[in-house]
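Understanding the architecture of this molecule
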There are 2 protein chains.
Amino acid sequence: MTAAVVLFGHGARDPEWARPMEAVRDAMVQADPGIAVELAYLEFMTPGLGEAVDRLAARGARAITVVPLFLARSGHTKRDLPGLLDAARSAHPRLTIACADPIGEAPEVVQALARYALASAARAPG
Amino acid sequence: MTAAVVLFGHGARDPEWARPMEAVRDAMVQADPGIAVELAYLEFMTPGLGEAVDRLAARGARAITVVPLFLARSGHTKRDLPGLLDAARSAHPRLTIACADPIGEAPEVVQALARYALASAARAPG
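To keep things clear, this report deals only with the structure shown in the data block. Only a predicted model underlies this, so the values are computations on that prediction, with no experimental measurement involved.

For these two chains of identical sequence, chain B goes onto chain A by a turn of 180 degrees and a shift of 0.0 Å along the axis, with RMSD 0.0 Å. Accordingly, the operation relating the two chain copies is best matched by a two-fold axis. The rotation axis passes nearest to the C-alpha of Ala112 of chain B in chain B, at a distance of 3.2 Å. Interface residue correspondence from chain B to chain A reaches 100%, placing this contact among same-surface, isologous pairings.

This is the structure we're talking about:
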C-alpha cells in the first residue's frame, strides 16, 4: 500500500450519516488505488478508532494517518481523540500513528466550503 | 448585496470551534464582496438560525440560502433544521429561504476532503 489512513468521524444514530465518509474514502481510493482507508467513528457507529487501526495493521500498514472529519477543534478532537490515539499507539508500538488537523483548519477545505456556499446561493431561487 | 447566506453549524462549548466557520465566511466575502453572510449555531453558541435570518432581513435581504456546515444528514439536519427554517419563514413571510445540502453531500466538497486526506497522509512521517 502507498499509505494508510483512518477517516475519523463523529457518527450518528442515522445510518445515512456515514455516506459522505464512504464517499470520501471512495474518492481517495479512486485517486490513489494503492492507499488503504478505514472509516472509524467516535460514537453511535462502529468500528471505533482502535479497531480501524487494528485492521490497517493487519493489512500491513506501518504508518497511519488519522484524519478527523470534524469541522473544528472541540472537546471531541482535543480530549476524546488524543486518548484514542494513545490507546492505539500503546496497542501497536511499532506503528507510527500521525493525526491531521480537523478539516475546517485546512485552508484548502475552507476554500472548498466557501465555493460550495457561494454556488448554493447562486443556485437558490429569488 | 449580491446574495445572503447563513452558515449554520452545530456549535460547541469551546469558543475556538467557531473559527473555521468564520474563515469560511471571510473567504466568501473575499471572493464576492457584495455577499452578506451570517453565522448561526444549533446549540452552545449564538446567534441561532432565527436571529441570523433577522439580521439578514434587517440588512435588506430578500432571499437567503442556509448552508448547513454539517458533514452529513442526521437528526440535526433532518429534524432540528427544518423546524428552525419553518419558524424563520413564518417570521419573515416575504423572504425566500432556501436550504442547501449538508457539505458532505456535495461532490466538490467530497473531492476536497479526499484531497486533504491524501495530502495529510503524504506529509506524515514513516
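One face of the sheet, then the other: side chains in a regular strand alternate in exactly this way. Residue and element names in this part refer to chain B. Burial of strand E2 (residues 35-41) is extensive: seven of the seven residues sit out of reach of the surface. With seven bridges joining them, strand E1 (residues 3-9) and E2 adopt parallel strand pairing. Its bridge partner lying in E2, Leu7 is registered against Leu39. Traced from E1 through helix H1 (residues 19-31) to E2, the parallel crossover comes out right-handed.

A separate point is the pairing of E1 of chain B. Residue and element names in this part refer to chain B. Taking burial as the measure, the seven residues of E1 include seven buried ones, the bulk of the element. Here E1 shows a buried face lined by Ala3, Val5, Leu7 and Gly9 and a second buried face lined by Ala4, Val6 and Phe8. Where E1 meets strand E3 (residues 63-68), five bridges bridge the pair, whose relative direction is parallel. Bridge assignment links Val6 to a residue of E3, and that residue is Val66.

In this section: the interface of chain B and chain A. The parts lose accessible area when they come together, and the size of an interface is often stated as this lost area. In this complex, chain B contributes 50 residues to the contact, which on the side of chain A involves 50 residues. When chain B packs against chain A, the two sides together hide about 4,000 Å² of surface, and 73% of this comes from carbon and sulfur. On the chain B side of the contact with chain A, Leu71, Tyr116 and Leu118 of chain B bury the most area, a combined 16% of that side's loss. For the pair chain B and chain A, the interface holds eight salt bridges. Its salt-bridge partner being Glu105 of chain B, residue Arg19 of chain A comes within 3.0 Å of it at the nearest N-O pair. One can count eight residue pairs in polar contact (both at pLDDT 80 or more) joining chain B with chain A. Looking at the side of chain B that touches chain A, the elements with two or more residues in it are E1, H1, E3, strand E4 (96-99) and helix H4 (107-123) of chain B. No other element matches the twelve residues that H4 of chain B contributes to the side of chain B that touches chain A. Each residue belonging to the side of chain B that touches chain A can be placed in one class, and the counts come to 34 nonpolar, seven polar and nine charged.

Okay, the nonpolar core next. Soluble globular proteins tend to pack their nonpolar side chains together in the buried interior. Ranked by size, the top nonpolar core spans 60 residues in total, and within it Leu7 and Met28 of chain A together with Leu7 and Met28 of chain B carry the most contacts. Elements supplying a minimum of two residues to this core: strand E1 (3-9), helix H1 (19-31), strand E2 (35-41) and helix H4 (107-123) of chain A together with E1, H1, E2 and H4 of chain B. Each residue touching Leu7 of chain A, except ones within four places of it in the same chain, is listed here: Met21, Val24, Arg25, Met28, Val37, Glu38, Leu39, Ala40, Val67 and Leu69 of chain A together with Ala117 of chain B.

Moving on, we get to helix H2 (residues 49-58) of chain A. All names here are of chain A. Listing the buried residues of H2 in full gives Leu49, Ala52, Val53 and Leu56. Looking straight down H2, one finds that the buried residues subtend no more than 100 degrees of arc, so they occupy a single side. If you follow the buried residues of H2, they end up packed against E1, E2, strand E3 (63-68), helix H3 (75-91) and strand E4 (96-99). Where H2 terminates, the next one or two residues include Gly60, which has phi positive at roughly 100 degrees.

In this section: the sheet that holds E2 of chain B. Residue and element names in this part refer to chain B. Read across the sheet, four strands follow the order E2-E1-E3-E4 without closing on themselves; strand pairing throughout is parallel. Since the sheet does not close on itself, it has two edges, and those belong to E2 and E4, each with one partner. Looking at each pair of strands side by side, their axes are set apart by 25 degrees on average, direction ignored. Across four bridges, E3 lies against E4 in parallel orientation. Along E4, the bridge assignment pairs Val66 with Cys99. Relative to E2, H1 is tilted by about 170 degrees, and along the sheet it contacts E1 and E2. Most of the contacts of helix H3 (residues 75-91) go to E4, to which it runs at about 170 degrees, and overall it touches E1, E3 and E4.

What counts, and at which threshold
- Along each chain, the written sequence defines residue order, and numbers are assigned to residues from 1.
- Numbering of ligands from 1 and lettering of chains from A proceed in the order in which they are written.
- The predicted nature of this model means local features are confined to residues of pLDDT at least 70 and side-chain atom pairs, given and counted, to a pLDDT of 80 or more, with totals for whole chains, interfaces and linings taken over all residues.
- Derived side-chain values reflect all non-hydrogen atoms in the structure, with water molecules and hydrogen atoms excluded from consideration.
- Only residues with pLDDT of at least 70 in both copies count here: their C-alpha atoms drive the least-squares fit that superposes the copies.
- Contact criterion: two residues are considered in contact whenever any of their non-hydrogen atoms come within 4.5 Å of each other.
- Residue exposure (1.4 Å probe, protein chains only): buried if accessible area is under 20% of the type maximum, exposed if over 50%, otherwise partly exposed.
- In this description a helix means any DSSP run of H or I spanning at least four residues, a strand means any run of E spanning at least two, and both kinds are numbered starting from the N terminus.
- In this analysis, strands are considered paired if DSSP registers two or more bridges between them.
- When the strands point away from the viewer and the path from the first strand over the helix to the second turns clockwise, the crossover is right-handed.
- Buried surface area refers to the total accessible area, computed with a probe of radius 1.4 Å, that the two partners give up upon joining, counted for both partners together.
- Salt bridges are identified by distance alone: a Lys or Arg side-chain nitrogen within 4 Å of an Asp or Glu carboxyl oxygen.
- Under the rule applied, a polar contact is a pair of N or O atoms within 3.5 Å (in protein, one hydrogen donor and one hydrogen acceptor; residues adjacent in sequence only if both atoms are side-chain atoms).
- The classification used treats Ala, Val, Leu, Ile, Met, Phe, Trp, Tyr, Cys and Pro as nonpolar, Asp, Glu, Lys and Arg as charged, and all other residues, Gly among them, as polar.
- Think of a nonpolar core as a cluster: buried Ala, Val, Leu, Ile, Met, Phe, Trp, Tyr and Cys residues, connected wherever their side-chain atoms sit within 4.5 Å.
- Relevant arc is that of directions from the helix axis to the C-beta atoms, nothing else.
- Only C-alpha atoms enter the line fits that serve as axes; for helices the fit covers just the stretch in contact. Angles between N-to-C directions range over 0 to 180 degrees.

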